[in-house]
Amino acid sequence: MKQLFLSLLLLCMVVSCETKGKEVHFYCRVCGALIANYSSWTDKTSSKAHSRLELGSLEKGLHIHYDQFIGNIDWGTAQMLYFQNISDSVSILPDKKSCTNFPGHISSSIQCNHCKSSLGFFVETVDDEEEFGYDLPEDYSQYTQDDIADMLAVDEDHIDAFLDDTFHSISAPVHSVGYWSYRYNHKQSIEQFHKKRETQSNDLDLNWSLGSFASQNSHDTTQHGTYGLDTSSTPPIPFYAYHYANGQMCDETKKPRETEVRFEPCGVSQKAMIQSVREVSLCKYVIHVCVPALIKKASETRNGFYAVKADAVIASADRRFNELLNRDFFQEELFLYSV
């Protein structure tokens, strides 16, 4: 009997070691991108959680707990897993706000880089100087060009070349608003145009210039941009901007039209695109260009932890994982983003 007991104990230890020795991966439930590993999972909990539960459908010997929130002021109704580290398939969005689930912390939304689905939050400790008003505009008033540059994923020395490569690889972005459309020709010109509609006999083809790149000096082809913060958002959105001048003459001001093109980190698109066009004063424009790759990846940010929604990911040790593998789309994405 004693020998049988020892044999069973040894078998349990072997099974446990095999489970622990085999790394378990967590994949985006939508596209299959690798999000995190079991080795980075942390068994922390929030005092604001409604209950503490355990993931079901896992292989024997594997126990992963999560916090259940119901009607929570910050996270609503959600099941949260916590990870100390996360993969480069995840980006942190610039939407910091107070996190009451972990007092003394702030949180920012995180999303999958590949399918743009929401994954949860990055939670970090509030610095002493940020504790009372990290999200107020005046906190950013002393930010230098270097400070703002550090908020973007591409550094100052490489951002011009990065933008050149980005727009060289895609068609010139076009944005339409009502009657007018706008085309951004990188480091060349900006067009405001309207194509004649065949159904309207009095309609016309129109094309105006909103400015040309480096046109203040015909010999200058190396114009560098400037950094700034859009303080109309909370928190302010960092951007890198080029100035386009000497556009179509403006009848009202008797001066050429000019435009500032702002390249901003955003998570609304898979590729660079014009997000909006504003006429900030007569014949002076600001074009907001969404560049997803300017979002800092999770691995490039300050220390903290990640609260990942349990229904946004699936573990490779989950018995339902094989069902997802049978989906052609998921299988293709899994191969593409996990190798």
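- For the chain, the name recorded in an unreviewed UniProt entry is Protein OS9-like domain-containing protein, with Blastocystis hominis as its organism.

### Regarding the overall build of the chain
Now for step 1: For the chain, the count of helices and strands is 5 helices and 20 strands.
Now for step 2: The buried share among the 339 residues of the chain stands at 44%.
Now for step 3: Summarising the internal contacts of the chain: among those between residues at least 6 apart in sequence, 56% fall at separations of at least 24.
Now for step 4: About 18600 Å² of surface is accessible on the chain, with carbon and sulfur atoms providing 52% of the total.

### What to know about unusual backbone geometry
Now for step 1: Phi at K116 takes a positive value of approximately 65°, unusual for a residue other than glycine.
Now for step 2: By the secondary structure assignment, K116 is in the loop between β8 (105-112) and β9 (118-125).
Now for step 3: Located in the positive-phi region is C283, a residue other than glycine, with phi close to 65°.
Now for step 4: The class of C283 is buried, set by a relative accessible area of 4%.

### What to know about the side chain of N185
Now for step 1: In this structure, N185 sits in strand β11 (residues 180-185).
Now for step 2: Here N185 falls in the buried class, since its relative accessible area comes to 13%.
Now for step 3: Only 2.9 Å separates the side chain of N185 from the side chain of E191, close enough to count as a polar contact.

### Here's the deal with the pattern of salt bridges
Now for step 1: Scanning the entire structure with this criterion turns up 7 salt bridges.
Now for step 2: Across the salt bridge formed by R197 and D203, the nearest N and O atoms sit 3.2 Å from each other.
Now for step 3: Residue class for R197 comes out partly exposed when judged on its relative accessible area of 37%.
Now for step 4: E260 is paired through a salt bridge with R262; the nearest N and O atoms lie 2.6 Å apart.

### Quick word on the nonpolar core
Now for step 1: Counting residues in hydrophobic clusters, the biggest one holds 30 residues, and the most contacted among them are I159, L163, Y184, Y242, V261, F263 and L294.
Now for step 2: Elements supplying a minimum of two residues to this core: α2 (145-149), α3 (159-168), β11, β13 (206-213), β14 (226-230), β15 (237-245), β16 (258-264) and β18 (284-290).
Now for step 3: Per element, the largest residue contribution to this core is 4 residues, and it comes from α3.
Now for step 4: Among the nonpolar cores identified, the runner-up in size contains 29 residues, and L55, I110, Y306 and V313 belong to it.

### Digging into the environment of L294
Now for step 1: By secondary structure assignment, the location of L294 is in the loop between β18 and β19 (305-309).
Now for step 2: Taking the C-alpha atoms as reference, L294 lies 9.9 Å from S91; in sequence the two are 203 residues apart.
Now for step 3: If near-sequence neighbours (up to four positions away) are discounted, L294 is found in contact with L152, A153, V154, I159, F162, F263, E264 and P265.

### Topic: α3
Now for step 1: Those residues of α3 not exposed but buried are I159, D160, F162, L163, T166 and F167. All buried residues of α3 project into a common sector of 160° when viewed along the axis, lining one side. In α3, those exposed residues whose orientation departs by more than 90 degrees from the buried face are D165 and H168.
Now for step 2: Residues of α3 that are buried make contact with β11, β14, β15, β16 and β18.

### Some remarks on the state of the cysteines
Now for step 1: All told, the structure shown has 1 disulfide when counted by the stated rule.
Now for step 2: In this model C250 forms its disulfide with C283; the gap between the sulfur atoms is 2.0 Å. Here C250 and C283 share a disulfide; its torsion about the S-S bond, 60°, makes the bridge right-handed. Note that C250 is positioned in the loop between β15 and β16 and C283 in the loop between β17 (273-281) and β18, a separation of 33 residues in sequence. C283 matches C250 in its accessibility class, with the two residues each being buried.

### Let's talk about the sheet that holds strand β2 (residues 34-37)
Now for step 1: One open sheet accounts for 3 strands, arranged β2-β1-β20; its pairing is antiparallel. Both edges of this open sheet fall to β2 and β20 (313-315), since each of them pairs with a single strand only. Averaged over all neighbouring strand pairs, the angle between strand axes comes to 30°, with direction disregarded.
Now for step 2: Pairing analysis gives 3 bridges linking strand β1 (residues 25-28) to β2, with the strands arranged antiparallel. From the neighbouring strand, F26 faces β2, where its bridge partner is A36.

### Considering the side chain of S89
Now for step 1: Positionally, S89 belongs in the loop between β5 (76-83) and β6 (90-92).
Now for step 2: Apart from residues no more than four positions distant in its own chain, S89 is found in contact with A33, L34, Q111, C112, N113 and H114.

What counts, and at which threshold
- Residues numbered from 1 in each chain as written.
- Predicted model: local features only at pLDDT ≥ 70, side-chain atom pairs only at ≥ 80, totals over all residues.
- Heavy atoms only, no water.
- Helix = DSSP H or I, 4+ residues; strand = E, 2+ residues; numbered from the N terminus.
- Buried < 20%, exposed > 50% of the residue type's maximum accessible area, 1.4 Å probe, protein only.
- Contact = heavy atoms within 4.5 Å.
- Areas by Shrake-Rupley, 256 points an atom, 1.4 Å probe, with all protein chains shown as cover.
- Polar contact = N/O pair within 3.5 Å; in protein donor to acceptor, adjacent residues only side chain to side chain.
- Salt bridge = Lys/Arg side-chain N within 4 Å of Asp/Glu carboxyl O.
- Core = buried A, V, L, I, M, F, W, Y, C linked by side-chain atoms within 4.5 Å.
- Arc of directions from axis to C-beta.
- Disulfide = S-S within 2.5 Å.
- Pairing = 2+ DSSP bridges.
- Axes fitted to C-alpha atoms, helices over the stretch in contact; angles between N-to-C directions.

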